[in-house]
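Now for the letters of each chain:
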Amino acid sequence: MANMRQVNPTPFNPTPFSSTLLRHRIYGRSIHLQGPQTGFTLLEVMIALAIFAMASLTVMQVSGTTLSHQARLKERMLGDWLADNQSALLYLQAGSRESALAYQTQQGETVVDGQPWYWRTRAVEGDNRTLQAMDIEISRKADFSALLVTRRIWLPAPLAELR
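Residues numbered from 1 in each chain as written. Predicted model: local features only at pLDDT ≥ 70, side-chain atom pairs only at ≥ 80, totals over all residues. Heavy atoms only, no water.

Draft legend 1. The pattern of salt bridges, seen in detail. Applying the stated rule across the entire model yields eight salt bridges. The salt bridge partner of Arg122 is Glu137, with a shortest N-O separation of 2.6 Å. Residue Arg122 is located in strand β4 (residues 115-124), and its partner Glu137 is located in strand β5 (residues 131-139); the two are separated by 15 residues in the primary sequence. Put simply, Arg152 and Asp135 hold a salt bridge, and the shortest N to O gap is 2.8 Å. Of the two residues, Arg152 sits in strand β6 (residues 147-156) while Asp135 sits in strand β5, which places them 17 residues apart along the sequence. Among the residues examined, Arg152 registers a relative accessible area of 45% and is labelled partly exposed. (Salt bridge = Lys/Arg side-chain N within 4 Å of Asp/Glu carboxyl O. Helix = DSSP H or I, 4+ residues; strand = E, 2+ residues; numbered from the N terminus. Buried < 20%, exposed > 50% of the residue type's maximum accessible area, 1.4 Å probe, protein only.)

Draft legend 2. Examining the confidence of the model for the chain more closely. Scored by pLDDT, the chain comes out at a mean of 80, with 74% of its residues at no less than 70. Here residues 17-26 is modelled with pLDDT under 50, and outside its nearest four sequence neighbours on either side it reaches 25 contacts, counting other chains as well. (pLDDT = per-residue confidence, 0-100. Contact = heavy atoms within 4.5 Å.)

Draft legend 3. Seen up close, a nonpolar patch on the surface. On the surface, a nonpolar cluster with roughly 430 Å² of combined accessible area is contributed by Leu43, Ile47, Ile51 and Met54. On the secondary structure map, Ile51 appears in helix α1 (residues 42-94). Of the residues examined, Ile51 reaches a relative accessible area of 52% and is grouped as exposed. (Patch = residues over 30% accessible without salt bridge, like charges linked within 9 Å, V, L, I, M, F, W, Y side chains within 5 Å. Areas by Shrake-Rupley, 256 points an atom, 1.4 Å probe, with all protein chains shown as cover.)

Draft legend 4. The sheet that holds β5, seen in detail. The four strands lie next to each other as β3-β4-β5-β6, forming an open sheet whose pairing is antiparallel. Sheet topology places β3 (106-112) and β6 at the edges, where each strand pairs with a single neighbour. Neighbour to neighbour, the strand axes of the sheet diverge by 25 degrees on average, direction disregarded. Bridging between β4 and β5 involves seven bridges; their strand directions are antiparallel. In the strand pairing of β5, Arg122 is matched with Asp135. (Pairing = 2+ DSSP bridges. Axes fitted to C-alpha atoms, helices over the stretch in contact; angles between N-to-C directions.)

Draft legend 5. Summary view of the packing of aromatic side chains. In the structure shown here, the tally under the stated rule is zero aromatic pairs. Of note, Arg120 hangs over the ring of Phe144, and the distance from its end group to the ring centre comes to 4.1 Å. Between the NZ or CZ atom of Arg140 and the centre of the ring of Trp117, over which it lies, the distance is 4.7 Å. (Phe/Tyr/Trp six-rings, centres within 6.5 Å; stacked < 30°, edge-to-face > 60°. Lys NZ or Arg CZ within 6 Å of the ring centre and 35° of its normal.)

Draft legend 6. Examining the side chain of Ser139 more closely. Summarising the element assignment, Ser139 is placed in strand β5. Polar side-chain contacts of Ser139 include one of 2.8 Å to the backbone oxygen of Ala146. (Polar contact = N/O pair within 3.5 Å; in protein donor to acceptor, adjacent residues only side chain to side chain.)

Draft legend 7. Quick peek at the nonpolar core. Within the largest apolar cluster, 15 residues are counted, with the highest numbers of intra-cluster contacts made by Leu90, Ala102, Ile136, Ile138, Ile153 and Leu155. Listed by contribution, the elements that provide at least two residues to this core are α1, β4, β5 and β6. A per-element tally of this core places α1 first, with five residues. (Core = buried A, V, L, I, M, F, W, Y, C linked by side-chain atoms within 4.5 Å.)

Here is the structure:
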């Protein structure tokens, strides 16, 4: 066994900066150098951070816009439900003994989702003797300066007009 040669497990690497640890003496201090330098330069890191910052801002802007649209859609949906309720009430009033009440201008306040909502119904002048158009307006302001929902429905004309 004495005549067996030991084989180096790592092959010889002739590059000046091999993966083996080199030691140099500079001004009495030893410096440890390892193989070729790996990692990112400062410029690469700054570019990566700039790209990440732009992507983050875009995501934040999109999520903010989504939340804004969600609030408007909820408000619009609640206004549509209130207009549907007022339509049903007008249809019920038109078919009852109190049918004259259905064709008058009415307005009121309803609390939906803890917030006051204002509604107004008005008869629309027309030439049709068998149908009466009614407009339903829904607003969040008592003076109806900003309408959220407007809807026109058609009711059977009052009995007095059919004679």
